[in-house]
Each structure stands twice: as C-alpha cells, then as structure tokens.
Amino acid sequence: MEKECTCSNRFADVDDLGPVDEIISKYGSEKGALIPLLQEAQDAYGYLDEKIMRELAQRAGYQLSQVFGVATFFSQFRLNPIGEYLIKVCHGTACHVAGATQITDEVSNQLGVKEGETTPDNKFTLESVMCLGACALAPIMVVGDDTHGKLKPTGIKKILKQYAGPTAAAEGDDA
Amino acid sequence: MTNGRLEVEEITVEIDGSKCTAPKGSTILDIAKANGVDIPTLCYDPRLSPYGACRLCLVEVEGARALLPACYAQADDGMVIRTTNEKLERIRKTLVELLMSDHPMECQGCSKSGRCELQKLAERYGITESESTSTFAGETHEYEMHRENPFVMRDYNKCIMCGRCIRICREVQGVGVYDFVNRGFKAIPGTPYDKPLQETPCEFCGQCISTCPTGAIKARPYEDTGRVAARDMLRNACAYFKMSEEDMMEALGLEGWVTRTTCAYCGCGCQLDIHVIDNKVVEITSPLMVGSGQGNLCVKGRFGYEFIGSDERLTKPLIRKDGVLVESTWEDALGLVAEKLGEAKKSSPDSVAVLSSARATNEDNYLIQKFARAVIGTNNVDHCARL
Amino acid sequence: MSGNGNGHKYKVVLGYGTCGIAAGATAVKDALEEAVEGGGYDVDLDIAGCMGLCFKEPVVEIFDREGGSVIYGDITAKKVPQLLDEHVGKGQVIEDWVVKRSEDPNACEGDFLENQLRVVLRNCGKINPESIDEYIGIGGYEGAKKALTSMTPEEVIDEVSASGIRGRGGAGFPTGTKWGFARKSPGDVKYLICNADEGDPGAFMDRSVLEGDPHSVMEGMILAGFAIGARHGLIYCRAEYPLALKRLDIAIEECHEKGFLGENIFGTDWSFDVKVKKGAGAFVCGEETAMMASIEGQRGMPRPRPPFPANSGLWGKPTNINNVETFAAIPWIIYEGGEKYAAIGTEKSKGTKVFCLAGKVRRTGLAEVPMGYTLRQVIFDVGGGIAGGKEFKAVQMGGPSGGCLPESKLDTQVDYDQITAAGAIIGSGGMIVADNRTCMVDLARYFLSFTQDESCGKCTPCRIGTKRMLEILERICEGKGEPEDIDKLQNLAADISAASLCALGGTAPNPVLTTLRYFKDEYEDHIFNHKCAAGSCPALITLRIDPETCTGCGACVKVCPTDAITGEKKEPHLIDSELCIRCKMCLSRCPSESIISE
C-alpha cells in the first residue's frame with residue numbers, strides 16, 4: 001500500500017500557534033479542562049513542546065508547574081516528538097503470559113531501536129504499554145491506529161513492512 | 001451570640017480511653033495535639049491544608065473500615081479513637097524504615113541533623129543506620145544537587161515526598177513554583193523541566209526551606225559560609241551526646257544562643273529567631289504559629305541579615321575632606337551636620353529633604369518628621385515605602 | 001432481537017468490535033458489502049458489537065426469517081464469496097466454519113454461549129451499536145421511560161436494592177445502598193460518573209459493552225441520575241478505547257435527537273445530560289477520588305476517604321460513581337423487576353457477572369454467568385478447558401488487586417464472599433488461566449511491576465513499599481533469593497495493605513499473598529534450589545534442543561544474539577549453555593517446538 005511520507009506535515013509546527021488559539025477558544029475558561037487541553041494540543045502538534053505548554057498555561061490561567069505536573073503524570077502525554085508511526089506493544093497480563101516480551105524484542109531487533117526510541121528515519125517509535133483490552137487476541141500490538149493480534153515473532157517483519165512505504169524498514173535482517 | 005463571641009458547636013470524642021472536647025470541624029490530630037497526645041507526622045504542617053500521604057498518623061477508629069489519617073479525618077461526636085497499639089507502631093516503624101531505605105545516610109555531615117523530622121522518627125523507632133540500609137535494601141535515587149542560585153539549595157535524594165514545599169508555595173505564598181513531576185517512585189516535587197529557580201516565578205522567600213522536614217531543601221547562605229561549620233559541629237555533637245544545644249554551648253564556653261526579636265524590614269512584625277554562635281549570626285528562622293507571621297518569613301526577613309556582621313559596615317562616622325572620606329568622631333560629625341543644617345534652616349529650609357525608612361521604629365519616624373517640619377521648617381518629608 | 005431480516009430472506013451480521021477489527025473484520029466488511037451490492041443476494045447486512053467470541057473472530061452470524069441462526073467463526077475476506085454463495089444462495093450451512101447453530105445449540109463451540117446467562121451482554125452482537133433505533137426496537141429506553149414517568153426516585157432505588165446488585169467495578173458494594181447515600185446528600189448540584197477507565201490487565205468487558213451496546217449504559221445512567229438527583233453525567237473512558245469513545249459520542253448525539261438526554265426527558269421536568277471525559281493513561285484514575293481529581297484537571301492522585309464521594313465528591317458536590325457493567329444491568333432490572341434479578345445468583349451475590357477469559361484457556365472471550373457457577377464450570381464448561389491439551393495450574397482473578405487460585409479451589413463458587421475467602425477477588429472479572437508453563441512467582445512479580453509503574457507516588461507504603469516487594473521478587477526470579485525473603489514479603493505485604501492511601505496500594509500485595517499461600521513450593525524452589533519448574537525464569541532455566549524432533553532448519557541460529565547455537569544443516573542443533581542468555585528468541589522461532597526450557 002503506497003503511503004506518502006507525511007512525517008513532517010501530519011502535525012502542526014510548534015511555531016504555528018493557530019491550533020492553540022482554537023483549543024483555547026473551545027475550552028475557554030472551562031473549569032478543570034487542563035487534561036482535554038493537553039490532549040488536543042498533543043493531537044495537533046504530535047507532542048507537548050515547552051513553548052506550547054507555556055502558551056496554554058498562560059492563556060488558560062494555570063501555573064506552568066501545574067501543567068507540567070499533569071503532563072508528566074499521565075502516560076499518554078509525550079514531551080518529545082515521535083515518529084510517523086507509534087508502535088505500542090501491549091504488556092497486559094494475557095499478553096505477558098502469551099509472550100509480549102519476545103514481541104517487543106523482535107520489533108526492537110527489526111527496527112534497531114530500544115523502547116522509547118524513534119528510528120533514525122523518523123518512521124517508527126517503539127513503546128511498551130499496559131493492557132489495551134484485547135486480551136483474547138494476545139499478544140497484540142498497535143501500529144498507528146491499527147491493532148494486530150495473535151502475534152508471533154516470525155510475523156513481525158511482515159507487519160512492519162506494511163507501513164514501510166518508500167523508506168523500507170531495516171532490510172538487513174533475515175528469517 | 002453572647003458577649004460578642006461566636007458560638008462554636010463542640011463535640012466530644014474518646015482518645016486512648018480519655019474523653020476530650022473540641023470544636024466541631026477539628027481533625028483528630030487537632031484534638032490530639034490540644035490534649036497532649038503525641039501522634040507522629042511527616043507531611044503535616046499547621047500552616048498547610050492536610051495531605052494524608054505519609055501515613056505516619058494513621059489511627060484506629062471504632063467502626064471505620066480502615067485506618068484513618070489523623071491529620072485529615074474530621075472528628076465526629078462520639079468517635080472512639082486509638083492512637084497507638086502494637087499494630088500501629090509496627091506500621092509506623094515499617095514506614096520509617098521504607099523512607100530511610102531511600103535516604104542517603106549522611107546525618108553526620110548534614111546540617112539538618114538534630115532538627116530533622118525523619119531522624120527524630122528513626123530515633124523514636126530505634127532504627128539504626130546499619131539496620132535501615134539492610135532491612136529494605138534496594139534502589140535509591142541519585143539526583144544531582146541543585147545549587148543554581150544563592151538562596152535555596154535542593155537535594156532530592158533526601159526528599160520524602162511529603163509535598164509540603166509544594167503546598168506552602170501554592171497555598172501560603174500563592175506562587176506555585178513546584179509541583180510533583182512524574183509518577184510513582186520517580187516522582188519528585190520539582191520545577192518544570194527541572195529549571196533552576198531563577199527561571200521560575202520563585203521569589204526566594206525561602207518558605208519551602210522553612211517547611212521541609214528533612215535536609216532536602218536548605219538555605220545556601222547558612223550552608224556555604226565557614227562559620228556554619230561550627231554550627232554543624234555543634235548540632236552533631238548535641239545529637240551524639242544527647243544534650244540540649246544550650247547545655248552544649250555552656251559546656252563548650254560558647255557565647256550567644258537564639259534571640260527572639262521582631263523583624264525590622266516592614267510593619268508586619270514577623271518574629272525572628274536569630275541563631276548566634278560566637279557572636280556571629282548563623283541562621284534566621286521563625287517560630288511556628290507565633291505572632292502575626294505564624295512562622296512565615298519573606299526573603300528580607302529570612303536572608304537579609306548579612307549586613308549585621310558585614311565587613312563593609314561602618315563603625316565610625318566618616319567626613320569628606322578634600323574629596324576623600326576620612327574617619328572622624330561623633331562629635332565632629334554631628335557638629336558638622338548641625339552647622340550645615342542650621343545654615344540651611346536660616347536661608348532656604350526647602351533645600352533640605354528628609355527621607356525616612358520602614359526599618360526605623362514608629363517613634364523614630366514620628367520624631368524625624370517633627371524634625372523636618374518643626375525644626376528645619378520644610379515639608380519635604382518622605383519615606384522609603386513610597387519609592 | 002434483530003433476527004427477522006426486515007423482510008429479506010437472510011440477515012447477515014458482522015461482529016465489529018476492536019477484537020474483530022484486529023482480527024481482520026474490516027476486510028470482511030468490505031468484502032461483504034461488495035459482494036452484496038454486486039451479487040444480488042437477498043440479505044440485510046448489518047454490523048453489531050462484539051459477541052465476546054474472541055477466540056473465533058472475525059465472527060459472522062446469519063439469521064433466517066424464522067429467527068434461527070448460525071454463527072460462523074474465523075471468517076476472512078477470502079471466505080466471504082463461498083459463505084454467501086452456499087448459505088445465502090443455496091441455504092446450505094458450511095459445517096466446518098460453524099461456531100454455533102440455533103438448531104443444535106450445544107454442538108461445535110455452542111457450549112460457550114449456551115452455558116452463559118447474558119443480562120449485561122444481552123444485546124452485544126445482536127444489534128448495531130451505532131443505531132438507537134435498533135436499541136429502541138428491542139425494548140430499549142422502556143425502563144427509563146417507566147421510571148421517569150411513573151416512579152419516584154426512591155422507588156427506583158428500592159428496585160435496585162431489591163435486585164441485590166453489587167458494584168461490578170470490583171468493590172462489590174451494594175449499588176442500591178450507594179445510590180441511597182447520594183440521594184440523601186443535600187444539594188442541588190450532584191454528579192453521576194460512569195467509570196469506564198477499565199485498566200485491569202486482562203479485563204475488556206467494559207470495552208465490549210461500550211462498543212457493543214452503549215445505549216444500555218446511557219439508559220442506566222439516565223435511571224441512576226434520576227434516582228440520586230444528579231443532572232450532570234460524566235463518562236470517564238480510557239483514551240486507549242477509541243472505538244468505544246466514538247460509539248459513545250454517537251449514542252449521546254442520538255439520545256439528544258430523541259430527547260432522551262437534555263431538558264424535559266420523556267416530557268417530565270427532569271433534565272440530565274452526559275459528557276465524555278477521556279482518560280490520559282493512568283490506571284490509578286480508575287480509583288474514585290483519583291478519577292475526580294483528574295476530571296478537575298489535576299494529577300490523578302487519590303484523596304483520603306472519608307469524606308466519601310456521596311457526600312463530597314467532584315468539585316465538592318455529592319457524586320455517585322458506578323462501573324459500566326453495573327449501569328448496563330440497571331435498565332434490565334427496572335424493566336424486568338429487581339426480584340427477577342435477585343432470583344439469579346447466590347444468597348449474597350445476586351445476578352450475573354461478566355468474566356473475561358484469557359490466557360491458556362481454549363475459548364477466550366466474554367463469559368457472563370450467574371453468580372454461583374463454580375470456577376470449574378466457567379473455565380471448563382464455558383471456556384472449554386485448557387488450550388493445547390495442557391493441564392490447568394491456576395486462574396488469576398481480579399487483575400493486579402486479585403489473586404491466583406489453584407486446582408484445589410476450582411469448585412469454589414463465583415460469589416464475592418466465597419472468592420474473597422479463598423484469597424482472590426472477583427474484581428472487574430478478569431480471569432487469566434495459567435497452565436504449568438506459567439511461573440507463579442514470575443506472575444506475582446509481573447503484577448507488582450505493573451503496580452509500581454502505575455503507582456501515583458503519593459503515599460509512602462505504595463511508592464516505596466511495593467518497590468521493595470518488587471525488588472525482592474526480582475531477586476528471587478534471578479536466583480538471588482534469600483531464606484528470609486518469604487517472611488519479609490509477608491510482613492511488608494501486611495503493612496502495605498493496612499497503610500496505603502487507596503486500593504491500588506491496598507490490594508497490590510494480593511497476588512504475592514495468594515501465590516505464597518497456594519504456591520509456596522515454587523518460591524522455595526526458586527530460593528533454595530535455584531529452579532523454576534515452569535521453565536520460565538531465564539536465570540533459573542536451561543534451554544536445550546530435543547535432538548529427536550529438531551529438523552536442523554537453523555531458524556534458531558539466525559536469531560540467537562550470543563551465537564550460542566551450532567549445528568549442521570538438517571542435523572540436530574546444540575545450544576551452548578555457557579553462552580546462552582535465556583532470551584528464548586529461539587524457542588519462539590522454532591517451527592517444530594523442539595526447544596525445551598527446564
């Protein structure tokens with residue numbers, strides 16, 4: 001499936017405060033809306049940059065320390081940019097028992113990155129996450145918006161290739 | 001309303017077998033303290049809202065489905081409370097052991113020694129240094145010390161996550177420099193992006209220092225000067241010999257101790273405890289819940305004392321002769337001033353302006369404006385507060 | 001029941017929940033749509049939520065005019081033409097693909113559903129979750145209408161109390177009583193929150209209900225709001241459930257259009273509205289006070305209780321929080337009557353409970369059974385026994401707050417008090433089945449590492465205590481266990497349970513305590529003999545290749561990170577145990593299952 005490399009234009013640039021304007025006008029001074037504010041900002045920019053957090057804090061009337069405290073508490077928030085595709089390998093109980101560790105190791109090997117890291121071509125970021133609630137299909141991983149279940153380490157390379165597009169994933173490995 | 005006093009509803013509870021009355025709305029800890037019952041705490045500070053996180057103050061309440069934190073739980077009329085028994089003491093000991101398992105064992109070299117709330121609890125539960133490192137040996141934090149500004153130093157390795165620094169900065173100061181960062185074992189009460197305090201709204205009031213129960217937050221001016229070494233040694237000696245600091249001072253023949261006075265920087269009237277060793281001021285603190293300040297200080301009260309022992313301080317009046325300031329006597333200096341002011345009074349009183357200061361007492365300020373108006377004959381009087 | 005095909009000869013329903021989609025249901029959907037458009041089949045095509053037949057996804061159910069049906073499993077896009085040709089075109093059932101047929105309900109894998117009693121899941125897999133009309137068509141919103149137009153809030157609470165339903169989120173507190181507290185709390189502004197933050201690893205029943213029958217939850221919330229006097233409803237749903245969030249948004253919009261939410265519902269003077277709040281990735285936010293803190297825009301750190309939410313909750317107002325599963329049962333209770341619900345189950349645990357069967361069980365998926373079924377019945381009669389013909393070893397119940405029960409406890413009835421007495425908890429209903437290749441010490445370690453990851457860090461016993469417990473378990477699994485470790489774990493566990501601020505820390509020691517109770521020999525084996533009998537803990541096992549079955553394909557050699565495997569092509573290979581680091585990559589690659597860990 002041909003996919004245009006959109007790594008740079010999927011998210012807004014942090015110098016473009018347009019999305020911040022929209023978010024602030026949507027939530028305005030709504031009580032307790034800090035988390036939705038950050039969620040929408042992350043959806044727009046791909047991650048929470050310091051500049052964006054300062055803008056949101058100032059305009060919505062929060063202390064930066066509060067905003068930062070909330071942003072670092074919840075796993076969903078990223079303070080660093082990610083690649084085009086975020087790979088989340090589930091390490092819930094059922095997946096753990098079904099061999100999630102081997103899946104993470106295999107993805108790690110295939111892409112040449114460790115957990116939390118992004119591939120040099122900015123295509124993939126690898127994360128281990130907690131239970132995604134699809135336990136009957138253990139072990140599972142989510143790539144972007146797609147869920148892949150009943151994984152075997154042998155099938156990982158094929159799945160990753162689906163997303164490779166013009167810049168293919170690590171070619172060097174065999175098997 | 002009788003006698004102009006507000007009627008407050010009273011409740012009666014039973015603590016450790018004794019009946020106590022207290023105003024409705026009191027917490028169990030409030031009542032215990034008012035009745036001399038000692039419940040250990042760490043995250044409690046009377047100036048701050050209760051937090052209920054350290055779990056040291058857990059007590060048994062009849063009918064409750066779990067242990068309740070005394071600092072947080074509101075007492076109800078008829079409550080039956082036990083503040084100590086074997087189970088509670090065992091839990092408290094475990095909690096202190098857990099805290100110490102992630103705490104650097106540096107009491108010898110730590111200036112908080114003797115005043116550290118964690119150290120006091122360790123002594124209370126008979127936990128020795130060697131025991132604490134072996135019972136729950138495990139991962140400890142290794143944070144870098146924060147010494148980026150001249151006032152506040154932070155050592156998160158000693159932090160016990162009581163959150164008092166966060167609460168005092170937010171609730172009392174209204175600034176909110178700190179908040180918890182990260183989650184779980186990795187959480188600390190830090191600044192955004194771990195920025196140095198000078199890059200945050202911090203006003204360097206040092207309130208976080210005043211509330212921190214351990215040596216995690218300390219005041220740099222009190223740590224970095226040579227004379228502090230004497231104070232540290234004194235403290236450690238007292239802890240080792242189990243003597244009070246007064247007795248130790250006497251034994252060592254050192255003069256001076258703690259003098260209580262009122263801060264002269266403004267009209268609030270906060271109380272200061274000036275700690276003196278060998279005739280040198282080594283620290284300023286404020287007694288908790290005393291007077292108008294209630295134990296709070298600002299940057300001036302807390303740090304603005306260095307002028308007292310400064311080498312740059314004048315000890316003799318100086319008169320300018322041939323463009324150079326030369327030491328003189330009070331007689332000569334005052335004579336010169338009286339002469340010049342006398343001339344001005346005759347020829348042009350309004351060429352004189354008198355500036356006064358909040359650091360002077362009300363009485364002095366009254367006199368000085370009288371001097372300006374009645375003696376010199378000018379209305380050019382002003383005060384530093386307006387500048 | 002959506003079974004009559006709207007006049008068509010057949011109705012074809014595709015299960016379209018997250019599991020189905022992950023298994024390839026989107027391709028099946030496209031294929032079905034294409035085939036029906038082009039091929040002139042006399043069918044009514046529809047989607048439905050997950051039926052909970054996870055082990056056979058993607059699932060397609062075909063109904064005939066008389067209401068009979070056949071459930072097909074493992075359907076792929078490639079199989080669609082044949083499916084339509086034979087079943088729809090020729091009226092012939094494809095036996096090999098059948099999971100269950102109404103004509104012979106116990107045949108094939110039919111027992112999975114036959115042995116269940118579906119109240120909460122009554123509509124899952126039967127109606128299109130994105131259509132309020134289908135929900136209304138099967139009697140939806142009749143319960144809410146009945147309550148709002150002809151009952152008082154107190155009568156609604158009485159009916160719920162009569163049913164005996166206990167909170168299905170895990171605490172098992174009687175729901176009617178809980179609503180009563182909120183009702184009695186004074187105040188005009190009250191909040192109703194639905195806890196859809198299902199964070200227990202191994203639990204996915206809430207997700208399935210939200211994806212498959214969101215209106216049952218809506219209706220439950222409308223009833224609850226009316227009962228306690230709350231006009232503001234909130235659903236706190238995990239961000240990790242995008243399909244559930246989408247279907248909730250659709251359901252809320254549809255409710256507004258029909259006037260079931262908003263002002264003057266059913267023409268009464270009662271108004272109620274629901275907003276969705278997305279979680280942000282913190283398991284601890286499933287705890288009531290942490291959830292409310294996060295809704296208030298703060299870090300999700302719990303607060304001491306009392307005060308309880310019913311008195312002082314969200315924004316300091318009286319608040320009632322219930323789980324998705326609880327709300328989904330309420331419309332049934334009001335419509336059918338509390339007594340009917342109370343007729344199901346045991347003396348102290350009424351009604352049904354949805355369990356998520358996962359792990360080494362043959363039929364993974366959703367199992368809703370009456371309280372009182374034994375664990376044996378759930379795992380073997382519904383779950384079909386252990387996968388791969390292996391032996392049952394333990395069942396882990398209740399996620400990280402729960403415990404592991406051994407074979408000797410299989411005849412325990414599913415009942416809040418009985419399960420608690422056995423040492424586990426029903427919790428949210430997760431049931432992970434383990435066979436003898438699961439190391440129980442490692443399982444306890446796994447749960448504790450989860451707890452440590454998710455601990456908010458506020459209170460000392462959880463933040464540091466669970467860390468120390470985890471470190472002890474890690475040492476044991478690495479072969480560095482000490483004799484005093486077992487007592488240390490036990491004592492520390494007792495203190496952490498008693499002193500923690502919330503249930504996360506309070507229940508964190510449970511997996512350790514139950515495994516110590518029932519599998520102490522494994523701990524002792526690890527500590528004293530440096531052995532892991534399940535062949536799991538890398539530091540305590542050796543990997544060897546069975547020369548009898550090894551085909552010499554060399555797949556293992558290619559993945560070994562330390563080049564520990566040698567051998568000629570087509571000849572049995574050998575692992576050098578000095579070089580081997582026990583990563584088990586070879587074991588997962590071996591096509592002939594010739595690598596044994598012992």
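Residues numbered from 1 in each chain as written. Chains lettered and ligands numbered in written order. Predicted model: local features only at pLDDT ≥ 70, side-chain atom pairs only at ≥ 80, totals over all residues. Heavy atoms only, no water.

**A short note on the overall build of chain C**
Inclusion rule: The helix count covers DSSP runs of H or I at least four residues long, the strand count covers runs of E at least two residues long, and both are numbered beginning at the N terminus. Radius of gyration here is computed from C-alpha atoms only, and the compact-globule reference equals 2.2 Å multiplied by the residue count raised to the power 0.38. The buried label goes to any residue with under 20% of its type's maximum accessible area, the exposed label to any with over 50%, and the partly exposed label to all in between, with areas taken from a 1.4 Å probe on protein chains only. Should any heavy atoms of two residues lie within 4.5 Å, those residues are considered in contact. Where accessible areas are quoted, they stem from the Shrake-Rupley method and a 1.4 Å probe; at the residue level, only the protein chains shown are allowed to cover. In this tally, Lys and Arg are treated as positive and Asp and Glu as negative; His is ignored, and so are the chain termini. Working definition for charges: the position is that of NZ of Lys, CZ of Arg, CG of Asp or CD of Glu.
A tally of regular secondary structure across chain C gives 24 helices and 18 strands. For 598 residues, the compact-globule estimate of 2.2 N^0.38 gives 25 Å, and chain C sits close to it at 26 Å. With the C-alpha coordinates aligned to their principal axes, the bounding extent of chain C is approximately 80 × 65 × 40 Å. Counting all 598 residues of chain C, 64% fall into the buried class. Considering only residue pairs separated by 6 or more positions, chain C has 70% of its internal contacts joining residues 24 or more positions apart. A total accessible area of about 21100 Å² is found for chain C, and carbon and sulfur atoms account for 47% of it. Here chain C contributes 64 positive and 84 negative side-chain charges, whose respective centroids are spaced 3 Å apart.

**Observations concerning the side chain of Gln271(B)**
Of note, Gln271(B) is situated in strand 11 (residues 271-277). When sequence neighbours within four positions are dropped, the list of residues in contact with Gln271(B) reads Arg260(B), Thr261(B), Thr262(B), Thr285(B), Ser286(B), Pro287(B), Val290(B) and Leu297(B).

**Observations regarding the side chain of Asp49(A)**
Quick reminder of the rule: Take a side-chain nitrogen of Lys or Arg and a carboxyl oxygen of Asp or Glu: if they are within 4 Å of each other, that pair is a salt bridge. Any pair of N or O atoms that falls within 3.5 Å is considered a polar contact. Within protein, one atom must be able to donate a hydrogen and the other to accept it, and sequence-neighbouring residues count only if both atoms are side-chain atoms.
With respect to the secondary-structure elements, Asp49(A) resides in the loop between helix 2 (34-45) and helix 3 (50-60). Comment: no salt bridge for buried Asp49(A); closest opposite-charge side chain is Lys51(A), at 7.0 Å. A polar side-chain atom of Asp49(A) sits 2.9 Å from the main-chain amide nitrogen of Lys51(A). Discounting chain neighbours no more than four positions away, the residues touching Asp49(A) are Val14(A) and Tyr193(B).

**Quick word on the packing of helix 2 (residues 86-101) of chain B against helix 3 (residues 117-124) of chain B**
Residues and elements named next belong to chain B. Spelled out, the test is: A fitted line through C-alpha atoms serves as each axis, taken over the contacting stretch for helices, and the angle formed by two N-to-C directions is quoted from 0 to 180°. For classification purposes, an angle smaller than 35 degrees is called roughly parallel, one larger than 145 roughly antiparallel, one from 65 to 115 roughly perpendicular, and anything else oblique. It is the rotation of the near helix from the far one that decides the hand of a crossing: anticlockwise by less than a right angle makes it left-handed, clockwise makes it right-handed. Residues were grouped as follows: Ala, Val, Leu, Ile, Met, Phe, Trp, Tyr, Cys and Pro as nonpolar; Asp, Glu, Lys and Arg as charged; and all remaining residues, including Gly, as polar.
Put simply, helix 2 and helix 3 touch, their axes get as near as 10 Å, and they point 130 degrees apart. As far as their axial angle goes, helix 3 and helix 2 are oblique. Between helix 2 and helix 3 lies a crossing of left-handed hand. Residues Val96, Leu99 and Met100 of helix 2 form the contact with helix 3, whose participating residues are Leu118, Leu121 and Ala122. Classifying every residue of the contact of helix 2 with helix 3 gives 6 nonpolar, no polar and no charged.

**Thoughts on the interface of chain A and chain C**
The accessible area lost on association of the parts is a frequent measure of interface size. Put simply, the test is: Summed over both partners, buried area is the accessible surface (1.4 Å probe) that two parts give up on being assembled.
Taken together, the 41 residues of chain A in the interface contact 53 residues of chain C. Both faces considered, chain A and chain C share a buried interface measuring about 3700 Å² in area, 62% of it formed by carbon and sulfur atoms. Summed over the shared surface of chain A and chain C, the number is 0 salt bridges. Among the secondary structure elements, those contributing two or more residues to the side of chain A that touches chain C are helix 2, helix 4 (64-73), helix 5 (93-97) and helix 6 (100-111) of chain A. It is helix 2 of chain A that provides the largest number of residues to the side of chain A that touches chain C, a total of 5 residues. The residue makeup of the side of chain A that touches chain C, split by class, is 18 nonpolar, 16 polar and 7 charged.

**A short note on the domain arrangement of chain B**
As a reminder, the rule being used: The split of the chain into domains comes from an automatic or database domain assignment.
Domain parsing of chain B yields domain 1 (10-84), domain 2 (137-309) and domain 3 (318-383). A straight line from the C-alpha centre of domain 2 of chain B to that of domain 3 of chain B covers 40 Å.

**Quick word on unusual backbone geometry**
Each neighbour pair has its own omega, and for Glu57(C) with Pro58(C) the value is -5 degrees, a cis peptide bond. Mapped onto the fold, Pro58(C) is located in the loop between strand 2 (43-48) and strand 3 (60-64). Cis geometry is found at the peptide bond from Pro306(C) to Pro307(C), where omega equals 5 degrees. One can find Pro307(C) in the loop between helix 12 (288-295) and strand 9 (319-323). Although it is not a glycine, Arg55(B) adopts a positive phi angle of roughly 70 degrees. Note that Arg55(B) resides in the loop between helix 1 (28-34) and strand 3 (58-61). What makes Arg55(B) buried here is its relative accessible area of 4%.

**Observations regarding the nonpolar core**
Applicable threshold: For this analysis, a nonpolar core means a set of buried residues of the types Ala, Val, Leu, Ile, Met, Phe, Trp, Tyr and Cys, connected via side-chain atoms within 4.5 Å.
Core analysis: the largest hydrophobic core is formed by 189 residues, its most contacted members being Tyr178(B), Met397(C) and Tyr523(C). Ranked by size, the runner-up nonpolar core spans 83 residues in total, among them Cys135(A), Val142(A), Ala310(C) and Val324(C).

**What to know about the interface of chain B and chain A**
The interface is formed by 15 residues belonging to chain B together with 16 residues belonging to chain A. Both faces considered, chain B and chain A share a buried interface measuring about 1200 Å² in area, 54% of it formed by carbon and sulfur atoms. When the area that chain B buries against chain A is broken down by residue, the three leading residues are Arg183(B), Pro192(B) and Tyr193(B), summing to 49%. For the pair chain B and chain A, the number of links is 1 salt bridge. Counting across the interface, chain B meets chain A through 7 residue pairs in polar contact (both at pLDDT 80 or more). Element by element, the count of residues in the side of chain B that touches chain A is highest for strand 7 (residues 179-181) of chain B, at 3 residues.

**Points about a nonpolar patch on the surface**
Residues and elements named next belong to chain B. The cut-off we apply is this: Like charges within 9 Å and nonpolar side chains (Val, Leu, Ile, Met, Phe, Trp, Tyr) within 5 Å are joined into patches, using only residues over 30% in relative accessible area that form no salt bridge.
Where nonpolar side chains cluster on the molecular surface, the patch consists of Tyr240, Phe241 and Met243 and spans about 380 Å² of accessible area. Looking at where Phe241 falls in the secondary structure, it is placed in helix 8 (residues 227-241). Classification of Phe241 as exposed rests on a relative accessible area of 54%.

**Concerning the domain arrangement of chain C**
Residue and element names in this part refer to chain C. On domain assignment, one finds that chain C holds domain 1 (10-113), domain 2 (132-341), domain 3 (352-435), domain 4 (440-528) and domain 5 (542-597). Using only C-alpha atoms to locate each centre, domain 2 and domain 3 end up separated by 27 Å. Counting from both sides, the interface comprises 16 residues of domain 2 and, opposite them, 18 residues of domain 3. A buried area of about 1300 Å², summed over both sides, lies between domain 2 and domain 3, and 59% of it is on carbon and sulfur atoms. Together, Arg168, Phe204 and Met205 form the three largest contributors to the area buried by domain 2 at its contact with domain 3, with a combined 36%. If you look at where domain 2 meets domain 3, you find 2 salt bridges.

**Concerning the pairing of strand 4 (residues 69-72) of chain C**
Residues and elements named next belong to chain C. The following threshold applies: For two strands to be treated as a pair, DSSP must find no fewer than two bridges joining them.
Going residue by residue along strand 4, you find Ser69 and Ile71 tucked away on one face and Val70 and Tyr72 tucked away on the opposite face as well. Inspection of the sheet shows strand 3 paired to strand 4 by 4 bridges, in the antiparallel sense. Bridge pairing links Glu61 to Ile71 in strand 4. Counted along the chain from strand 3 to the antiparallel partner strand 4, the turn is 4 residues long, and its residue Gly67 has a positive phi close to 100 degrees.

**Observations regarding the sheet that holds strand 4 of chain C**
Residue and element names in this part refer to chain C. Reading across from one edge, 2-1-3-4-5 is the order of the 5 strands in this open sheet, with mixed pairing throughout. With partners counted over all chains shown, the strands left at the sheet margins are strand 2 and strand 5 (98-101), one partner each. The mean angle between the axes of side-by-side strands here comes to 20 degrees, regardless of whether they run parallel or antiparallel. Against the sheet, helix 2 (residues 25-39) engages strand 1 (10-15), strand 2 and strand 3, with an angle of about 160 degrees to strand 1.

**Quick notes on the pattern of salt bridges**
Note that side chains of opposite charge can pair when their charged atoms are close. For the structure on display, the rule yields 52 salt bridges over all chains. Among the salt bridges present, the one from Asp495(C) reaches Arg90(B), with a minimum N-O distance of 2.4 Å. With Asp495(C) in helix 19 (residues 485-499) and Arg90(B) in helix 2, the pair connects residues from two separate chains. A salt bridge links Lys360(C) to Asp435(C); the nearest nitrogen and oxygen atoms lie 3.9 Å apart. Placement of Lys360(C) in the loop between strand 10 (352-359) and strand 11 (365-370) and of Asp435(C) in strand 14 (residues 430-435) is noted, with a sequence separation of 75 residues between them. Accessibility expressed as a relative area gives 2% for Asp435(C), which makes it buried. The network of salt bridges with shared partners includes Asp45(B), Arg47(B), Glu117(B) and Arg164(B).

**Section: the state of the cysteines**
All names here are of chain C. Basically, it comes down to this: Two cysteine sulfur atoms make up a disulfide if the distance between them is within 2.5 Å.
Taken as a whole, this structure holds 0 disulfides over all chains when the rule is applied. Free of any disulfide, Cys439 has its nearest cysteine sulfur in Cys537, 3.7 Å distant. With no disulfide partner, Cys580 has as its closest neighbouring cysteine sulfur the one in Cys586, 6.3 Å distant. Of the residues examined, Cys580 reaches a relative accessible area of 12% and is grouped as buried.

**Regarding helix 18 (residues 460-477) of chain C**
Residue and element names in this part refer to chain C. The condition that has to hold: Given a helix with a known number of residues, its expected span is that number minus one, times 1.5 Å.
Between its terminal C-alpha atoms helix 18 stretches 25 Å, which fits the 26 Å expected from 18 residues at 1.5 Å a residue. Within helix 18, 16 of the 18 residues are buried, leaving the element largely enclosed by the surrounding structure. Looking one or two places after helix 18, you find Gly479, whose phi comes out positive at around 85 degrees.

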